[in-house]
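# An overview of the molecular structure
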Amino acid sequence: MVIKEVTVLNATGLHARPASMFVQTAGKFKSKIFVIKEENSINAKSIMGIMAGGISQGTTVQIKAEGEDEAAAVDALVELINNKFGE
Amino acid sequence: MFIKEGIIASPGIAIAKALVYEKVVVEVSQAKHEDSAVEIKKFHLALKQSQEQLEKIQIKAVSELGEEDGAIFAAHAMILEDPEFVESVEAEINDHKFCAAYAVKIVTHRFFLIFDEMDDPYFSARAADIKDVGTRVLHNILGVVLADLSKLSENVIIIADDLTPSDTAQMDKKKVKGFATNIGSRTSHTAIMARSLEIPAVLGLTDITETVSTGDMVIVDGLKGIVTINPDASQIKSAEEELLAYQAHLKELEGLKDLDAITLDGHKVELVGNIGEPGDVIGVLKNGGVGVGLYRTEFLYMNSETMPGEDKQLAAYRSVLEAFPDGPVIIRTLDIGGDKKLPYLPMDDELNPFLGLRAIRLCFKEVALFKIQLRAILRASVYGHAHIMFPMVSSVTEVRQAKVILKECMKELEESGIPYDKDVKVGVMIEIPSAAITADIIAKEVDFFSIGTNDLCQYTMAVDRMNQEVSYLYDPFNPAILRLVKQVIQASNNAPGLFTGMCGEMSGDPIAAIILLGLGLDEFSMSAIAIPQIKKIIRSVRYEDARVIANEALNLETGEAVVDHVLESMKKLKINI
């Protein structure tokens, strides 16, 4: 299991387009991936879960993955957030 | 025979047999089951069927409506594959022993509520998508077969509770002649779709699905907002006559498209359109508008997830300017605040947002943001006749302040060697009473005025027109408003080269047309569809007569008296609305 903490920097947070980019990236990995915000654990492959998660600019979350490609999955998603989704 | 009254959503008259397109109301019991595996299998089979149906609909939508509308169904497909959705349904089946149908129903509703309660139009739209998809899966589980709207053997009027994008996308548009639904408003999906397909529609009929049966003869009158069920022969005959008259009326208006808006005695005015985005110019051109009197640029900002950059704005403004090589395009700078917010621009809650930090006031606070827009407009100005308009100006000081910032932008462009139109026209929107009263002072600083009657009326009469308790006080025909309009036009007439337009709803109101003409308004800006009718009225009156009617109106005591006076005068002059 790999966990990394990251702060969402892009202006809109995980809304609309960034949310769908995030979910599509997560979908490329075999591991189970979760976004942990405070006490809540959200399935990173669920567009509805991510959008309903209310993750806005400045929110710090943990990305947790468990499975054969867990390290790569966490790195890819953290990088996406740090790059502000290419904005 | 009986008649039901609803909301006018799309004009026209349709006479055809009803097709009741029944959905939802399938009662799903909270039935428990014995075997979870069977129910889960049922659920997955329904998911697969739904995927296949959506693929077909998407192909049809893309080819008939375009990529953008087709994309909705790709979003629907994503919901079907969503692990949160699928796992939640499975959990209800496993843990609570609910049958597949009930599990889908409650999970759909749960997600619907999460999105529906979010205070953001983007998410409310997603809520509707979730409901649409959930209903589809539910129908597939229960084996409910809906009427296939893509295969119709005769002309029909669709009677439904409400219509979703997936319903309208698959319809055989040649056979569907009208819509009548239980719910919906002028801005709901069904209404927008009906207008773009030019199908008459009456919505908000409450229980039309229960009062009509498939095969009943129905008249949908989208002009009066009524639906006649099982009409007798004479009613059908008169509906047919009205339909012919309506078609002739449309043809007459269409014939006016390329004619000038000129009175019988040769006084010419300009009729232009209000637009929210570049695509709206199509409607303005189609209806014979010679330019744009109000380009509401805030939609460019509101439809974007991040602040639109200079190049993105330039592209939008340029495309509008190029659509009117000979006509003016009045670009209103950002009018945000009040009830309009941007997700990427934090704004504090205010006690009185309509009297607070909005429009030009906000732009003075966020100068960097304001300058990006001004630079984009200036750069676009070489592609046509750009006019820059500042909204919510309350005094000449603000006009001067805005012009200083505009000058800075011009200087920056010059220093970078970027071309712009040095004669770009600068004007203000007159929507605050203090600006109307001091129009003669402001006139010295600008090239044009555009009167925004919606806000001018709200601020003058101290009435929130969305508040049903007091909205009856909102009346653009009130002599107070007419006198302010006259004062502004007079100030512009006394300043050489100035012109005055109007971009509020009043300028598209057929009853107001003669008064505004008579008061000396130079430019009328309105939603595109109103242009032909206003042109017809202007072309059928003498300017001299309009001036007399307007002057008489100014001395009347109430808004009602003004309306009565206009209607009577039009009757005397044999001008039909």
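Residues numbered from 1 in each chain as written. Chains lettered and ligands numbered in written order. Predicted model: local features only at pLDDT ≥ 70, side-chain atom pairs only at ≥ 80, totals over all residues.

### Comments concerning the overall build of chain B
- Check the secondary structure of chain B and you find 23 helices and 17 strands.
- A total of 577 residues make up chain B; the buried ones form 42% of that total.
- Residue pairs in contact within chain B that sit at least 24 positions apart in sequence constitute 67% of those at least 6 positions apart. (Helix = DSSP H or I, 4+ residues; strand = E, 2+ residues; numbered from the N terminus. Buried ≥ 20, exposed ≤ 12 C-beta atoms within 10 Å, placed from the backbone. Contact = placed C-beta atoms within 7 Å.)

### Thoughts on the nonpolar core
- With 97 residues, the main nonpolar core has B:Val292, B:Val428, B:Ile430, B:Val488, B:Ile514 and B:Ile515 as its most contacted residues.
- Contact partners of B:Val428, with chain neighbours within four places excluded, come to B:Met389, B:Phe390, B:Val393, B:Val399, B:Ala435, B:Ile442, B:Val446 and B:Phe449.
- Within the second largest apolar cluster, 48 residues are counted, among which are A:Met48, A:Ile81, B:Leu47 and B:Ile141. (Core = buried A, V, L, I, M, F, W, Y, C linked by C-beta atoms within 7 Å.)

### Side note on the sheet that holds strand β1 (residues 2–7) of chain A
All names here are of chain A.
- Here 4 strands make up an open sheet; going across it, the order is β1-β4-β2-β3 and the pairing antiparallel. The strands lining the two open edges of the sheet, one partner per strand, are β1 and β3 (40–43). Averaged over all adjacent pairs, the angle separating strand axes in this sheet is 25°, with direction ignored.
- Inspection of the sheet shows β1 paired to strand β4 (residues 60–66) by 6 bridges, in the antiparallel sense. Residue pairing across strands places Val2 opposite Ala65, the latter belonging to β4.
- Here helix α3 (residues 70–82) sits on the sheet and contacts β1, β2 (32–37) and β4; the angle it forms with β1, its principal contact strand, is near 0°. (Pairing = 2+ DSSP bridges. Axes fitted to C-alpha atoms, helices over the stretch in contact; angles between N-to-C directions.)

### Regarding the interface of chain A and chain B
- Facing the 13 residues of chain A at the interface are 14 residues of chain B.
- At the level of elements, α1 (16–27) and α2 (47–52) of chain A are the ones that each hand at least two residues to the side of chain A that touches chain B.
- The leading source of residues in the side of chain A that touches chain B is α2(A), at 4 residues.
- In terms of residue class, the side of chain A that touches chain B is made up of 5 nonpolar, 5 polar and 3 charged. (Nonpolar A, V, L, I, M, F, W, Y, C, P; charged D, E, K, R; others polar.)

### Regarding the packing of helix α18 (residues 453–461) of chain B against helix α19 (residues 479–494) of chain B
Residue and element names in this part refer to chain B.
- Look at α18 against α19: their axes get within 10 Å of each other, and the N-to-C directions meet at 125°. Taken as axis vectors, α18 and α19 run oblique relative to one another. Seen along the crossing, α18 lies across α19 with a hand that is right-handed. For the pair α18 and α19, contact is made by Thr453, Leu456, Cys457 and Thr460 and by Ala480, Ile481 and Leu484, respectively.
- Grouping the amino acids of the contact of α18 with α19 by side-chain chemistry returns 5 nonpolar, 2 polar and no charged. (Parallel < 35°, antiparallel > 145°, perpendicular 65-115°, else oblique. Left-handed = near helix turned anticlockwise from the far one by under 90°.)

### Some details on the sheet that holds strand β4 (residues 156–160) of chain B
Residue and element names in this part refer to chain B.
- The strand order across the open sheet formed by 8 strands is β1-β8-β7-β3-β4-β5-β6-β2, and the pairing between neighbours is mixed. Edge positions in the sheet fall to β1 (2–5) and β2 (7–10), since each of these pairs with one other strand and no more. The mean inter-strand angle of the sheet, taken between neighbouring strand axes irrespective of direction, is 30°.
- The sheet contact formed by strand β3 (residues 13–21) and β4 spans 5 bridges and is parallel. Across the sheet, Leu19 pairs through a bridge with Ile158, a residue of β4.
- In this fold helix α9 (residues 233–255) packs onto β3, β7 (217–221) and β8 (226–229), with an angle of close to 115° to the strand it touches most, β3.

### Here we look at the packing of helix α3 (residues 83–96) of chain B against helix α4 (residues 100–116) of chain B
Residue and element names in this part refer to chain B.
- Contact geometry of α3 with α4 gives a least axis separation of 9 Å together with a crossing angle of 130°. Classed by the angle they form, the pair α3 and α4 counts as oblique. Note on packing geometry: the crossing formed by α3 with α4 is right-handed. In this structure, α3 contributes Phe85, Ser88, Val89, Glu92 and Ile93 to the contact, and α4 contributes Ala100, Ala103, Val104, Ile106, Val107 and Phe111.
- The residue inventory of the contact of α3 with α4, partitioned by class, reads 9 nonpolar, 1 polar and 1 charged.

### Topic: the confidence of the model for chain B
- Averaged over all residues, the pLDDT of chain B equals 90, while 97% of them reach at least 70.
- As a predicted assembly, this complex carries a pTM of 0.67 together with an ipTM value of 0.74. (pLDDT = per-residue confidence, 0-100.)

### As for unusual backbone geometry
Residues and elements named next belong to chain B.
- Residues other than glycine seldom take positive phi values, yet Thr206 does so here, at roughly 70°.
- Within the fold, Thr206 resides in the loop between β6 (201–203) and α8 (208–211).
- On the basis of neighbour count, Thr206 is assigned to the partly exposed category, with 13 C-beta atoms found within 10 Å.

### Side note on the environment of B:Leu482
Residues and elements named next belong to chain B.
- Examined against the element boundaries, Leu482 turns out to sit in helix α19.
- A tally of 23 C-beta atoms within 10 Å means that Leu482 is categorised as buried.
- The spacing of Leu482 and Leu554 is 72 residues in sequence and 6.5 Å in space, taken between C-alpha atoms.
- If we ignore the near neighbours within four places in the chain, the residues touching Leu482 are Ile515, Ala553, Leu554 and Val562.

### Details of helix α22 (residues 543–554) of chain B
Residue and element names in this part refer to chain B.
- Compared with the 16 Å implied by 1.5 Å per residue over 12 residues, the 17 Å span of α22 between its first and last C-alpha is a close match.
- If you check which residues of α22 are buried, you get Tyr543, Ala546, Ile549, Ala550 and Ala553. Along the axis of α22, the buried residues cluster in a sector spanning 120°; they form a single face.
- Where α22 is buried, its residues contact α19, α20 (510–519) and α23 (559–572). (Expected span 1.5 Å × (residues − 1). Arc of directions from axis to C-beta.)

### With respect to the pairing of strand β10 (residues 268–275) of chain B
All names here are of chain B.
- Counting buried residues along β10, 6 of its 8 residues qualify, which places the element largely inside the surrounding structure.
- When strand β9 (residues 261–262) meets β10, the two strands line up antiparallel, connected through 2 bridges. The partner of Ile262 across the bridge, within β10, is Lys268.
- What sits between β9 and β10 in their antiparallel hairpin is a turn of 5 residues, with Gly266 showing a positive phi close to 85°.
- Two elements, β10 and strand β17 (residues 523–526), share 4 bridges in a ladder whose sense is parallel. Counterpart to Gly273 in the pairing with β17 is Met526.
- Both β10 and strand β11 (residues 292–296) contribute to a ladder of 3 bridges, which runs parallel. Bridge pairing in β11 places Asn274 opposite Leu294.

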